[in-house]
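If you want the building blocks of each chain, they are given just below.
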There are 4 protein chains.
Amino acid sequence: MALLDESAAGVFIIAVTPFTDTGAIDFASADAMVEFYLARGATGLTILGMMGEAPKLSVAESVAFSRHVVRRVAGRVPVVVGVSSPGFAAMGELARAVMDDGAAGVMVAPGGALRTDDAVLRYCGQVAETLGGIPWVLQDFPQSTGVFISPSVIRRVVEGDPSCVMLKHEDWPGLAKISTVREMTDIRRISILVGNGGVFLPEELRRGADGAMTGFAFPEMMSGVYAAHRAGDEQRASDLFDAYLPLARYEQQPGPGLGVRKYLLHKRGAIASAAQRRPVVGIGPREIAEVEFLLARQALRLAALG
Amino acid sequence: MALLDESAAGVFIIAVTPFTDTGAIDFASADAMVEFYLARGATGLTILGMMGEAPKLSVAESVAFSRHVVRRVAGRVPVVVGVSSPGFAAMGELARAVMDDGAAGVMVAPGGALRTDDAVLRYCGQVAETLGGIPWVLQDFPQSTGVFISPSVIRRVVEGDPSCVMLKHEDWPGLAKISTVREMTDIRRISILVGNGGVFLPEELRRGADGAMTGFAFPEMMSGVYAAHRAGDEQRASDLFDAYLPLARYEQQPGPGLGVRKYLLHKRGAIASAAQRRPVVGIGPREIAEVEFLLARQALRLAALG
Amino acid sequence: MALLDESAAGVFIIAVTPFTDTGAIDFASADAMVEFYLARGATGLTILGMMGEAPKLSVAESVAFSRHVVRRVAGRVPVVVGVSSPGFAAMGELARAVMDDGAAGVMVAPGGALRTDDAVLRYCGQVAETLGGIPWVLQDFPQSTGVFISPSVIRRVVEGDPSCVMLKHEDWPGLAKISTVREMTDIRRISILVGNGGVFLPEELRRGADGAMTGFAFPEMMSGVYAAHRAGDEQRASDLFDAYLPLARYEQQPGPGLGVRKYLLHKRGAIASAAQRRPVVGIGPREIAEVEFLLARQALRLAALG
Amino acid sequence: MALLDESAAGVFIIAVTPFTDTGAIDFASADAMVEFYLARGATGLTILGMMGEAPKLSVAESVAFSRHVVRRVAGRVPVVVGVSSPGFAAMGELARAVMDDGAAGVMVAPGGALRTDDAVLRYCGQVAETLGGIPWVLQDFPQSTGVFISPSVIRRVVEGDPSCVMLKHEDWPGLAKISTVREMTDIRRISILVGNGGVFLPEELRRGADGAMTGFAFPEMMSGVYAAHRAGDEQRASDLFDAYLPLARYEQQPGPGLGVRKYLLHKRGAIASAAQRRPVVGIGPREIAEVEFLLARQALRLAALG
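Residues numbered from 1 in each chain as written. Chains lettered and ligands numbered in written order. Predicted model: local features only at pLDDT ≥ 70, side-chain atom pairs only at ≥ 80, totals over all residues. Heavy atoms only, no water.

Novice: Which residues make up the interface of chain B and chain A, and what values do they have?
Specialist: Across the boundary between the two partners, chain B contributes 31 residues, which contact 31 residues of chain A. On the chain B side of the interface with chain A, the three residues burying the most area are B:Trp172, B:Arg249 and B:Arg297, jointly 21% of the side's total. Linking chain B with chain A are 14 salt bridges, by the criterion used here. Applying the counting rule to chain B against chain A returns 22 residue pairs in polar contact (both at pLDDT 80 or more). Sorting the residues of the side of chain B that touches chain A by element identifies helix 7 (175-182), helix 8 (201-206), helix 10 (234-251) and helix 12 (285-305) of chain B as the ones contributing at least two each. Looking at the side of chain B that touches chain A element by element, the count peaks at 10 residues for helix 10 of chain B. Split by residue class, the side of chain B that touches chain A holds 13 nonpolar, 5 polar and 13 charged. (Contact = heavy atoms within 4.5 Å. Buried area = accessible area lost by both parts, 1.4 Å probe. Salt bridge = Lys/Arg side-chain N within 4 Å of Asp/Glu carboxyl O. Polar contact = N/O pair within 3.5 Å; in protein donor to acceptor, adjacent residues only side chain to side chain. Helix = DSSP H or I, 4+ residues; strand = E, 2+ residues; numbered from the N terminus. Nonpolar A, V, L, I, M, F, W, Y, C, P; charged D, E, K, R; others polar.)

Novice: Any details on the relation of the copies chain B and chain A? Residues and values, ideally.
Specialist: Copy one and copy two of the chain differ by a rotation about a common axis and a shift along it. By a simple turn and slide, chain B fits onto chain A: the slide is 0.0 Å along the axis, the RMSD is 0.0 Å, and the turn is 180°. On the angle and the small slide along the axis, the relation comes out as a two-fold axis. In this assembly, 100% of the residues forming the interface of chain B have copies in chain A that are likewise at the interface, indicating an isologous arrangement. (Least-squares fit on C-alpha atoms with pLDDT ≥ 70 in both.)

Novice: Talk me through the pairing of strand 3 (residues 79-82) of chain D; I want residue IDs and the actual numbers.
Specialist: Residue and element names in this part refer to chain D. What you see with strand 3 is no split at all: Val79 and Val81 on one side and Val80 and Gly82 on the other are buried throughout. Across 3 bridges, the pairing between strand 2 (residues 44-47) and strand 3 is parallel. Looking across to strand 3, one finds that Thr46 is bridged to Val80. Where strand 3 meets strand 4 (residues 105-108), 3 bridges bridge the pair, whose relative direction is parallel. Bridging across to strand 4, Val81 finds its partner in Val106. In terms of handedness, the path from strand 3 via helix 3 (residues 88-100) over to strand 4 forms a crossover that is right-handed. (Buried < 20%, exposed > 50% of the residue type's maximum accessible area, 1.4 Å probe, protein only. Pairing = 2+ DSSP bridges. Right-handed = clockwise from strand over helix to strand, strands pointing away.)

Novice: With reference to specific residues and values, describe the interface of chain B and chain D.
Specialist: Listed per partner, the contact involves 12 residues of chain B and 12 residues of chain D. A combined buried area of about 1,300 Å² lies between chain B and chain D, and 57% of that area is made up of carbon and sulfur atoms. It is B:Pro86, B:Arg278 and B:Pro279 in chain B that bury the most area against chain D; as a group they hold 38% of the surface buried on that side. The interface formed by chain B and chain D holds 2 salt bridges in total. Among the salt bridges present, the one from B:Glu129 reaches D:Arg278, with a minimum N-O distance of 3.5 Å. Connecting chain B to chain D are 5 residue pairs in polar contact (both at pLDDT 80 or more). Those elements that place two or more of their residues in the side of chain B that touches chain D are helix 3 (88-100) and helix 4 (117-131) of chain B. When residues of the side of chain B that touches chain D are assigned to their parent elements, the largest contribution, 3 residues, is made by helix 4 of chain B. For the side of chain B that touches chain D, a count of residues per class yields 5 nonpolar, 3 polar and 4 charged.

Novice: How would you sum up the relation of the copies chain B and chain D? Please name residues and give values.
Specialist: Here chain B sits on chain D after a turn of 180° about the axis and a move of 0.0 Å along it, with an RMSD of 0.0 Å. In this assembly the copies share their binding face: 100% of the residues contributing to the interface of chain B also contribute to that of chain D.

Novice: Provide a residue-level description of the packing of aromatic side chains, including the pertinent values.
Specialist: Tallying each qualifying case throughout the model produces 22 aromatic pairs over all chains. An angle of 85° between the planes, with centres 6.2 Å apart, marks the rings of C:Phe216 and C:Tyr244 as edge-to-face. Separated by 28 residues along the polypeptide, C:Phe216 in the loop between strand 8 (211-212) and helix 9 (219-230) and C:Tyr244 in helix 10 (residues 234-251) bring together distant segments of the chain. Taken together, a centroid distance of 5.8 Å and an interplanar angle of 65° make the contact between D:Phe36 and D:Tyr37 edge-to-face. Comparing D:Phe36 with D:Tyr37 shows no difference in burial state: the two are buried. In textbook terms, an aromatic cluster arises when at least three aromatic residues are bridged by ring pairs, as seen for A:Phe216, A:Phe218 and A:Tyr244. (Phe/Tyr/Trp six-rings, centres within 6.5 Å; stacked < 30°, edge-to-face > 60°.)

Novice: How would you summarise the sheet that holds strand 8 (residues 211-212) of chain B if you had to cite specific residues and measurements?
Specialist: Residues and elements named next belong to chain B. With parallel pairing, 8 strands are arranged side by side around a closed barrel as 1-2-3-4-5-6-7-8. Of the pairings in the sheet, the one linking strand 5 (residues 136-140) to strand 6 (residues 164-169) comprises 5 bridges and is parallel in character. The partner of Asp140 across the bridge, within strand 6, is His169. Running at roughly 170° to strand 2 (residues 44-47), helix 2 (residues 59-73) makes contact with strand 2 and strand 3 (79-82) of the sheet. (Axes fitted to C-alpha atoms, helices over the stretch in contact; angles between N-to-C directions.)

Novice: Lay out the state of the cysteines in plain terms, naming residues and giving numbers.
Specialist: Residues and elements named next belong to chain A. A complete count under the given rule lists 0 disulfides over all chains for this structure. In this structure Cys164 is a free cysteine whose sulfur lies 7.2 Å from that of Cys124, the closest cysteine sulfur available. Given a relative accessible area of 1%, Cys164 falls into the buried group. (Disulfide = S-S within 2.5 Å.)

What follows is the structure, given as structure tokens:
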């Protein structure tokens, strides 16, 4: 399998982890989900991310799930695996296992009590040392991790570590950050994929992002916006984006958002059950009614768009 | 002037504080701004909120600005004044001053190191004691204050203090919280107005909110959505909402959001300058181009809506 | 092995996890460490706590280390095992495994984004359900977890779940909290053991704590203070405490504190190496010189005490 | 009055703000307090700090209190005034007012949502611009402000702004930070005074600090430790420190600590009332009994020390 590099672009969909109603990993659904994502324009898959309920899996389960997905993908697109962990020993073990199984790269979100640029840099240096050359994605998601990564830190990580090939950009607000990193023309140009459910995708692409790495249950929105943007048709990109925005906004809520996403994926046939492992923020009849209301309106808009 | 009470509804617009380019309060713009807001359906005004740059004003300036706005409004709608302060002495002084000048009520966001339900309740008890019967709005905005207020705390505040007449709901996600409070049919029904730039306004109204208290530069969106909702026309409410959503989403960004809002208000003639007092997160040509792109598309959608 | 219950008292020492210089678990040192702790008055052992570097161990290592320690202890004192985890599935698996191996109970620190009393209560309910009757310790350590647990929440956990038998009290400041819980004479009296390196131990015992659950490298300070307190000799308790306080204060620093503790345990012969797994805040010649200066003065004070 | 510069050393006591039992500023007590501090070795006074309840004072009160203290001190020692504020306009106004009245310099704690080195630097640049050459103290107190300032940021502030003449060091743990800054021999040597109630004063002095800027109710401990350290008698410094440590530790508790400090200052005759302005964490009979127990033992130790 080819390794992840700085040319990565398009939509690396953040995959959910499908569970059965009794909480076991649902490997059959994993197969269906892979096909669902690929059929809707995913150019890569990212598994075991935060929205993939990774912290609720044991290491053995993580390895088994990763292996299963990589085999199913069978080289059609690169698979990136989240390996964030409080300890570097566990991070290294998981990273080596999934790379042996054919993953294209791994993703790490600096976590814990990193409170200054120097602390973040030191941490990233230890990540590089732990990974020993495995291509990796630096996940910048301060709302969740509490770790803030400034553009000058990103510069120094990129300068110091050739194996850091991508920034998963999930700061909010973050448009200025994308521009600042893209203006660093004296450093290696890494891939920048954006998160946050894609709710700023058009602006982010115009600022220089290479695509999205997030998990909105309508991957076709993201691949469509990306294609229109690449074709230079920004009005078309925004038309498409606007058609999906009310629902994307709803799915992006912290807390119930994952329940909404799994509801939608289940409804669309990608997974057999919307079950999550505990602890879970569930959704109920009210949320489902709101989703259905938004879905019906979305269908009309899409029909009008053609 | 009538005092604020539990029947408050509609759009209490969060007003900016207009400054001249040299940083002085621009009282002439304050007049124009009041007329701008009222002409677009505001049923109330809220001044000296967080987005009103209140912490950057001296107490004397706060009192002068409040007095000026109250006089200009001249009883046409109620004026609520933010009086949050690290010390209760300052809070009480400001509250009494603005009430003497004709404000309808005040707003307080519990702040500081309140980390348990009991701590929040104790704080609210001290607020009530400090205000001595002045009608007040409990602002629930954890993303900014770090203070989390559960529905059961809201229940106890409402039960214990008849002068708390409104919840400014700005938690995110917060739909479930609105439903939970509205299901408390055994307590006094207080007004719930929602914040966060209105980007969940249709869902929030359907969950039982009475309107919005936020500062999107197109108040007519919020008054229009509210009117359609009250008329039972939820499709019309969502049509209107969706037409504004891409821009509302953009303005709601933390950091540059206030610059965007003041840019729009200036462009629309509500204020003479978009200047903010320092510290400030400015906006530049990129942000302006993005706003203009969104504005042009919004105009087309509104024209199509009729 | 007897199960942990509300009568637990004395010194449940928070054990380190000994590593070899190459980062493997050092089982031989684990044996020596157990004997070191027991010989200095430990009435219980707590392993796989935060200061035991638990998040840096794999699940398999956690189970193996726990099994080894339980066997070595061989019923002489109860062993409590930390099982905190982002997912309840992993928590339950580890808890059942260590209980099968003879642990007396487990410890859980509510973590994650729990921001209201109700959220903490709901979480503790899920802990109880997950543990299915295994006796457990509620760890209250907001400085580290960001989760604040009020006395009224403790009351409701104790009332609702007979398997919660102990509070590990590590809030700071926390003296008032101990008093408040002890005044709840209408609920089951649970054990309260205190943390934070023991630097408030005399006051905490006088407020109603039953002992300490912390890891100061001189367990004899804590067992000695506890014994004097039980004998009613508060001056003796404070004499002993004061003699150790300068060093205890130094070891309690967040960050380098664990390095200091392992240095001391190594110097005292309890473990073969002071190595920590990464990420690590190391100590160097300056810290060692400061520790040695404090040690020399401590020895003189202890000699004078007799 | 001489301006504050890099040679500042010794004990700049953090003064409380004395209130009458009805909450007014007690100017008579301010006089007595000044004499109390100076008689016990204070080489400077710092007023309107966090433990001076500054956020609970109006600007007018702040100016009046500062003017009163400066006049009473009458040039015997320099007076530093805390001017931290959410807005730079208010910061600048207060700073100019107190400097006109004869203060020697001001102190600023970067606050708010500063989350990267660049953000802190930008903020400090705006402070310098606002102060326009007034000598100022950079307060580094992350536990309270949430803003973390790395040594490399301190370097850049010192290099870029000749009016920043002192670091108030209050990070915890912070010994390594003092050493790191002191090893920066290629930059201007600024004064470093330490906080946190002085509970690490001996180690901090040996690491290169120039004294203390904190408010322990026994200033003679800090001036005595400083004098012994300057005389090269580290055992004497530690003997003195250790004699006061149990009480200093108790007073340093966040929350009730200020109540303890005011109780002690009242008992020692420095202020007429221990009253604080609300919101307040009070102390009661339990805390007073604990303080008295510690005081009695401290008196015996001091008598033995000679």
